[in-house]
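Here is how the chains run, residue by residue.
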Amino acid sequence: MSRNAESTAFRSALEVIRAVEPRVADAIGAELTDQRESLKLIASENYASPATLLAMGNWFSDKYAEGTVGRRFYAGCQNVDTVEALAAEHARELFGAAHAYVQPHSGIDANLVAFWAVLADRVESPALKKAQVRQVNDLTEADWFALRRELGNQRMLGMSLDAGGHLTHGFRPNISGKMFDQRSYGTDPATGLIDYDRVAEAAREFKPLILVGGYSAYPRKVNFRILREIADSVGATFMVDMAHFAGLVAGKVFTGDFDPVPHAHIVTTTTHKSLRGPRGGMVLCQPELADQVDRGCPMVLGGPLPHVMAAKAVALAEARRPDFADYAQRIVDNAQALAEGLLSRGATLVTGGTDNHLVLIDVSGYGLTGRQAEQALLDSGIVTNRNSVPQDPNGAWYTSGIRVGTPALTTRGLGTAEMDQTAELIHTVLTQTTAGANADGTPSKAKYTLDAGLADKIARQATDLLATYPLYPGIDLS
Ligand code: DSN
């Protein structure tokens, strides 16, 4: 698409919006400015292409389309069928998956679809068979009561939140922790790495129905072949949540034992992180789970979002292009350069480095909590998020870590030299920030001081660093 076409498209859209509610048009414009001017290091964010963004802003949003391609509960879904089928085809081809379900609205939704598909396959179907009925409405009250108890009494083993797992992998405050009797595997306290022998031991003791692999804050590769062997050894279904690293799988940076798709029974992902698509989720699975997965809506999902499925089709088509593999490799090269830059300046990193898209800085070495570090960096134009580190003494709210990731800056074109400069900016802010105290003199986990002049100076340096790599160079809103 020409630069003129992109500018015209977005300018016209804003003009139409401005005529109805100018404050929304202004906020959209301001968001572009903010994103253009800040160093976006949130590991789960990216910048979707103009084509992906435009595919979302249209009348597909007006269609209800419960059901699946060719089998809808609403009439008039022929065009939704086209985009949903395209998105699923691109997903299958890209990941080498037997089946793709592209309706989930988010990663949590995708995980819920997966959990209920496994529960339906492993718990509900055998109960129906035993009772010799076709569906739950045909069960006696007593059998239905027993099945509901059985569904609510299953076990899941996943990575603990503070070791880098996700809250949907069984964290008690999340629905996953309430649905399942859950246990976690952590990481080796000495190395920060997954200890597969300990995972196997936990699986043998706990005998989960589902073993979950995947993470949102673990900076290393995971050996999915070994996890599958562990799952098989205890009769567990092996599920992988690859939301964070789907782009690295799509770009063939993670292959063999490190590609979850050939090893897992079921794989979930978001589409907007390293995969660089629209906000949304997706499930890939082996053929035996396909029918249950396809029941995601209305089982746990509201009506599918056809406009987002259209955008998924566009983004997945982009990820199938040869240049996406180059992008994925540069994400990892940049994360490693950022890690090196931080380590050489004295930072402490969980696991001592990275082999994926993210780096987890233990900011206790700077005398700060994650919350203080996150805010001081934000004051300086560097957007990150605080994150627990293993055995975090500050808990999940204040934390002791800062998670930084490179998918977004790599999309802008920044390379390893700029990552070293980014490391310098981060290190400067963290060394110059001082933890504050509460009114009674006790140490505060939130208050901090950072010289405003220094914060402004760093923010200007961050903007200068970005100047060579304009965000959405084809979009001029002026
Ligand atoms: N919110 C995402 C992340 O930042 O990792 C996961 O849900």
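Residues numbered from 1 in each chain as written. Predicted model: local features only at pLDDT ≥ 70, side-chain atom pairs only at ≥ 80, totals over all residues. Heavy atoms only, no water.

Note the cut-off: UniProt positions are given in the numbering used here, feature names are shortened, and annotations may be inferred rather than shown by experiment.
By the naming in an unreviewed UniProt entry, the chain goes by Serine hydroxymethyltransferase and is assigned to Micromonospora saelicesensis. Listed in UniProt under the heading Subunit (unreviewed entry), the comment for the chain reads: "Homodimer." Database annotation for the chain, UniProt heading Sequence similarities (unreviewed entry): "Belongs to the SHMT family."

**Section: the UniProt feature "site: Plays an important role in substrate specificity" (unreviewed entry) in the chain**
Cut-off, in case you're wondering: Helix numbers and strand numbers start at the N terminus; a helix is a DSSP run of H or I with at least 4 residues, a strand a run of E with at least 2. Contact definition: two residues touch when any of their heavy atoms are within 4.5 Å. Any pair of N or O atoms that falls within 3.5 Å is considered a polar contact. Within protein, one atom must be able to donate a hydrogen and the other to accept it, and sequence-neighbouring residues count only if both atoms are side-chain atoms.
UniProt feature "site: Plays an important role in substrate specificity" (unreviewed entry): in the numbering of this structure it lies at His-272. Tracing the backbone through its elements, the reader meets His-272 in the loop between β9 (266–270) and β10 (281–285). Here His-272 is in contact with Ser-44, Glu-45, Asn-46, Gly-277, Pro-278, Arg-279 and Gly-280, once residues within four sequence places are set aside. A polar contact is formed between the side chain of His-272 and the backbone nitrogen of Gly-280, at a distance of 3.1 Å.

**A closer look at the site of the ligand**
Keep this limit in mind: We call a residue near a molecule or strand whenever a single non-hydrogen atom of that residue lies within 4 Å of it. For the accessible areas, the method is Shrake-Rupley and the probe is 1.4 Å, while residue cover comes only from the protein chains on display.
All residues in the neighbourhood of the ligand are listed as Ser-44, His-166, Ser-216, His-244, Lys-273 and Arg-403. For the ligand, an oxygen atom lies 2.7 Å from a polar atom in the side chain of His-166. In the complex, 62% of the free accessible area of the ligand, which totals 230 Å², lies under the protein chains.

**Some details on the UniProt feature "modified residue: N6-(pyridoxal phosphate)lysine" (unreviewed entry) in the chain**
The sites that carry the UniProt feature "modified residue: N6-(pyridoxal phosphate)lysine" (unreviewed entry) are, in the present numbering, Lys-273. With respect to the helices and strands, the residue Lys-273 is situated in the loop between β9 and β10. Here Lys-273 is in contact with Ser-44, Asn-46, Ala-243 and His-244, once residues within four sequence places are set aside.

**A look at the side chain of Asn-111**
Relative to the elements of secondary structure, Asn-111 occurs in helix α5 (residues 107–131). Other than its neighbours up to four places away in sequence, Asn-111 contacts Thr-168, His-169, Met-239, Asp-241 and Thr-268.

**Considering the sheet that holds strand β11 (residues 358–362)**
Going by this rule: Following DSSP output, two strands are said to pair if at least two bridges run between them. Inter-axis angles, ranging from 0 to 180 degrees, are taken between N-to-C directions of lines fitted to C-alpha atoms, where helices are fitted over the stretch in contact.
Pairing is antiparallel in the open sheet, where three strands are placed in the order β11-β14-β13. Of all the strands in the sheet, just β11 and β13 (385–387) have a single pairing partner and so form its edges. The mean angle between the axes of side-by-side strands here comes to 35°, regardless of whether they run parallel or antiparallel. Sheet topology note: the β11/strand β14 (residues 401–405) ladder contains five bridges and is antiparallel. Bridge assignment links Ile-361 to a residue of β14, and that residue is Ile-402.

**Examining the nonpolar core**
Operational definition: Note on terminology: a nonpolar core comprises buried Ala, Val, Leu, Ile, Met, Phe, Trp, Tyr and Cys residues joined through side-chain atoms within 4.5 Å. Accessible area is worked out with a 1.4 Å probe on protein chains only. A residue is then buried under 20% of its type maximum, exposed over 50%, and partly exposed in between.
Judged by nonpolar contacts, the single largest core of 62 residues is most densely connected at Phe-95, Leu-211, Leu-227, Met-242, Phe-245, Leu-275 and Leu-284. Ignoring sequence-local partners within four residues, the contact set of Met-242 consists of Phe-95, Val-249, Pro-260, Val-267, Thr-268, Thr-269 and Leu-284. Counting residues in hydrophobic clusters, the runner-up holds 35 residues, among them Ala-337, Ala-339, Ala-347 and Leu-450.

**Focus on the packing of helix α14 (residues 322–344) against helix α18 (residues 416–432)**
Stated precisely, the cut-off is as follows: Just so you know how the angles are binned, under 35 degrees is roughly parallel, over 145 roughly antiparallel, 65 to 115 roughly perpendicular, and the rest oblique. Left-handed describes a crossing in which the near helix is turned anticlockwise from the far one by less than a right angle; the clockwise case is right-handed. Here the term charged refers only to Asp, Glu, Lys and Arg, the term nonpolar to Ala, Val, Leu, Ile, Met, Phe, Trp, Tyr, Cys and Pro, and the term polar to all other amino acids, Gly among them.
One can describe the packing of α14 onto α18 by two numbers: an axis separation of 8 Å at closest approach and a directional angle of 40°. By the angle class used here, α14 and α18 are oblique. When you trace α14 past α18, the crossing you get is right-handed. Residue-level inspection shows Asp-333, Asn-334, Ala-337, Leu-338, Gly-341 and Leu-342 of α14 in contact with α18, the latter providing Thr-416, Met-419, Asp-420, Thr-422, Ala-423 and Ile-426. Its residues assigned to classes, the contact of α14 with α18 shows six nonpolar, four polar and two charged.

**Some details on the sheet that holds strand β4 (residues 99–101)**
Strands sit in the order β4-β10-β9-β8-β7-β5-β6 across an open sheet of seven strands; the sheet is mixed. Edge strands, defined here as strands with exactly one partner in the open sheet, are β4 and β6 (181–185). Neighbour-to-neighbour, the strand axes of the sheet open up by a mean angle of 20°, direction not taken into account. Sheet analysis places strand β8 (residues 237–241) next to β9, joined by three bridges and oriented parallel. Within β9, the residue paired with Asp-241 across the bridge is Thr-268.

**Notes on the environment of Met-242**
Counting through the fold element by element, Met-242 comes out in the loop between β8 and α10 (246–250). The buried category is assigned to Met-242, whose relative accessible area is 0%.

**Some details on the packing of α5 against helix α6 (residues 141–151)**
It is the contact of α5 with α6, at a shortest axis distance of 10 Å, that shows an interaxial angle of 150°. As summarised for this structure, α5 and α6 are arranged roughly antiparallel, according to the angle between their axes. For the crossing formed where α5 meets α6, the hand is right-handed. For the pair α5 and α6, the contacting residues are Trp-116, Leu-119, Val-123, Glu-124, Ala-127 and Ala-131 in the first and Asp-143, Leu-147, Glu-150 and Leu-151 in the second.

**Focus on the packing of aromatic side chains**
Quick note on the threshold: For Phe, Tyr and Trp, where Trp contributes only its six-membered ring, two rings pair if their centres lie within 6.5 Å, and the inter-plane angle classes them as stacked under 30 degrees, edge-to-face over 60, or tilted in between. Geometrically, a charge over a ring is one whose NZ (Lys) or CZ (Arg) sits within 6 Å of the ring centre while staying within 35 degrees of the ring normal.
Under the counting rule described, the total for this entry stands at eight aromatic pairs. Plain terms: the ring middles of Phe-115 and Phe-180 are 5.4 Å apart, the flat faces sit at 75° to each other, and that makes the pair edge-to-face. With Phe-115 in helix α5 and Phe-180 in the loop between α7 (175–179) and β6, the pair connects residues that are 65 residues apart, well separated along the chain. Here Phe-115 falls in the buried class, since its relative accessible area comes to 1%. For Phe-180, a relative accessible area of 4% puts it in the buried group. Summarising the aromatic geometry, the rings of Phe-245 and Phe-254 are spaced 5.9 Å apart at their centres and angled 50° between planes, so their arrangement reads as tilted. Taken individually, Phe-245 and Phe-254 each receive the classification buried, so the pair is uniform in this respect. What links up through ring pairs into an aromatic cluster is the set Tyr-215, Tyr-218, Phe-224, Phe-245 and Phe-254. Here Arg-276 stacks its cationic end above the ring of Tyr-327, 4.0 Å away from the centre of that ring.

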